[in-house]
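Observations on the model geometry
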Amino acid sequence: MAEPKLYEGRREGGRCRVTVDGQPLDPRHDVRRFADDFEWGYDGNGPRQLALALLADHYGRDDAALLDSARLMRALIETLPDDAWTLTGADIERSLAAYTQVPTDLKGLLARLRGEG
């Protein structure tokens with residue numbers, strides 16, 4: 001069985017540096033460019049780019065990473081500590097599993113009540 005990947009983020013000289021197993025994490029601008037650089041600790045484009053990159057690396061599937069990137073941003077990325085953090089794939093999976101997005105429109109709420117959403 002392969003060793004679990006280790007994702008690390010830290011601020012260095014005003015920039016956010018993110019690695020996977022010690023190597024720079026590809027921002028995956030080829031999938032979608034939300035922002036030029038990674039960020040975390042709030043809901044925005046930089047955190048969304050980080051969520052996309054983490055999921056693309058973790059899943060190995062760009063379509064699924066793009067689909068789940070907003071959810072991971074809200075479930076985990078916006079809550080990361082400002083200076084430095086460490087994550088594993090298991091942390092990503094737990095955050096996604098624990099996060100429930102509640103629809104705010106009537107159609108979405110009714111669908112959820114009927115068990116369709």
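Below, the structure is looked at part by part.

1. Observations concerning the packing of aromatic side chains
All told, the structure shown has one aromatic pair when counted by the stated rule. Taking the centre distance of 5.4 Å and the plane angle of 90° together, the rings of Trp 40 and Trp 85 count as edge-to-face. A residue pair is termed long-range when its members are at least 10 positions apart, and Trp 40 in the loop between strand E3 (23–24) and helix H1 (45–59) and Trp 85 in strand E4 (residues 84–88) qualify at 45 residues. Assigned by exposure class, Trp 40 and Trp 85 land together as buried. In this structure, Arg 11 is placed above the aromatic ring of Trp 40, and the distance from its NZ or CZ to the ring centre is 4.8 Å.

2. Structural notes on the pattern of salt bridges
In this structure the tally under the stated criterion is 13 salt bridges. The partner of Asp 57 in a salt bridge is Lys 5, with the nearest N and O atoms 3.1 Å apart. Highlighted residues: Asp 57 in helix H1 and Lys 5 in the segment before strand E1 (6–12), separated in sequence by 52 residues. Looking at Asp 57, the relative accessible area reads 25%, which means it is partly exposed.

3. Some thoughts on unusual backbone geometry
Note: most residues except glycine have negative phi, and most peptide bonds are trans. Phi angles above zero are rare outside glycine, and Asp 21 is one such case at about 50°. Position of Asp 21 among the secondary structure elements: in the loop between strand E2 (15–20) and E3. In this structure, Arg 28 takes a positive phi of about 60° despite not being glycine. Counting through the fold element by element, Arg 28 comes out in the loop between E3 and H1.

4. Some details on the side chain of Thr 19
For Thr 19, the position within the fold is in strand E2. For Thr 19, the residues in contact, after removing those within four places along its chain, are Leu 6, Tyr 7, Glu 8, Pro 24 and Leu 25.

5. Some remarks on H1
Between its terminal C-alpha atoms H1 stretches 21 Å, which fits the 21 Å expected from 15 residues at 1.5 Å a residue. Taken together, the buried positions of H1 are Gly 46, Pro 47, Gln 49, Leu 50, Ala 51, Leu 52, Ala 53, Leu 54, Leu 55 and Ala 56. Residues of H1 that are buried in the fold lie against E1, E2, helix H2 (62–75), E4 and helix H3 (89–98).

6. As for the environment of Gly 46
Structurally, the position occupied by Gly 46 is in helix H1. In this view, Gly 46 contacts Ala 35, Asp 37, Phe 38 and Glu 39; residues no more than four positions away in its chain are not counted.

7. A short note on the nonpolar core
In this structure, Leu 25, Leu 50, Leu 54, Leu 72 and Ile 77 are the most contacted members of the largest nonpolar core, which totals 25 residues. Looking at this core, the elements that each hand over two or more residues are E2, H1, H2, E4 and H3. The biggest single contributor to this core is H1, with seven residues. Apart from residues no more than four positions distant in its own chain, Leu 54 is found in contact with Tyr 7, Leu 25, Leu 72, Ile 77, Leu 87 and Ile 92.

8. Considerations on the pairing of E1
Summarising the sheet, E1 and E4 pair through five bridges and their orientation is antiparallel. Along E4, the bridge assignment pairs Glu 8 with Thr 86. Pairing between E1 and E2: six bridges, direction antiparallel. Counterpart to Glu 8 in the pairing with E2 is Thr 19. As consecutive antiparallel partners, E1 and E2 are separated by two residues, and within that stretch Gly 13 has a phi angle of approximately 60°, a positive value.

Calculation notes
Residues numbered from 1 in each chain as written. Predicted model: local features only at pLDDT ≥ 70, side-chain atom pairs only at ≥ 80, totals over all residues. Heavy atoms only, no water. Phe/Tyr/Trp six-rings, centres within 6.5 Å; stacked < 30°, edge-to-face > 60°. Helix = DSSP H or I, 4+ residues; strand = E, 2+ residues; numbered from the N terminus. Buried < 20%, exposed > 50% of the residue type's maximum accessible area, 1.4 Å probe, protein only. Lys NZ or Arg CZ within 6 Å of the ring centre and 35° of its normal. Salt bridge = Lys/Arg side-chain N within 4 Å of Asp/Glu carboxyl O. Contact = heavy atoms within 4.5 Å. Expected span 1.5 Å × (residues − 1). Core = buried A, V, L, I, M, F, W, Y, C linked by side-chain atoms within 4.5 Å. Pairing = 2+ DSSP bridges.

Structural measurements only, silent on function.
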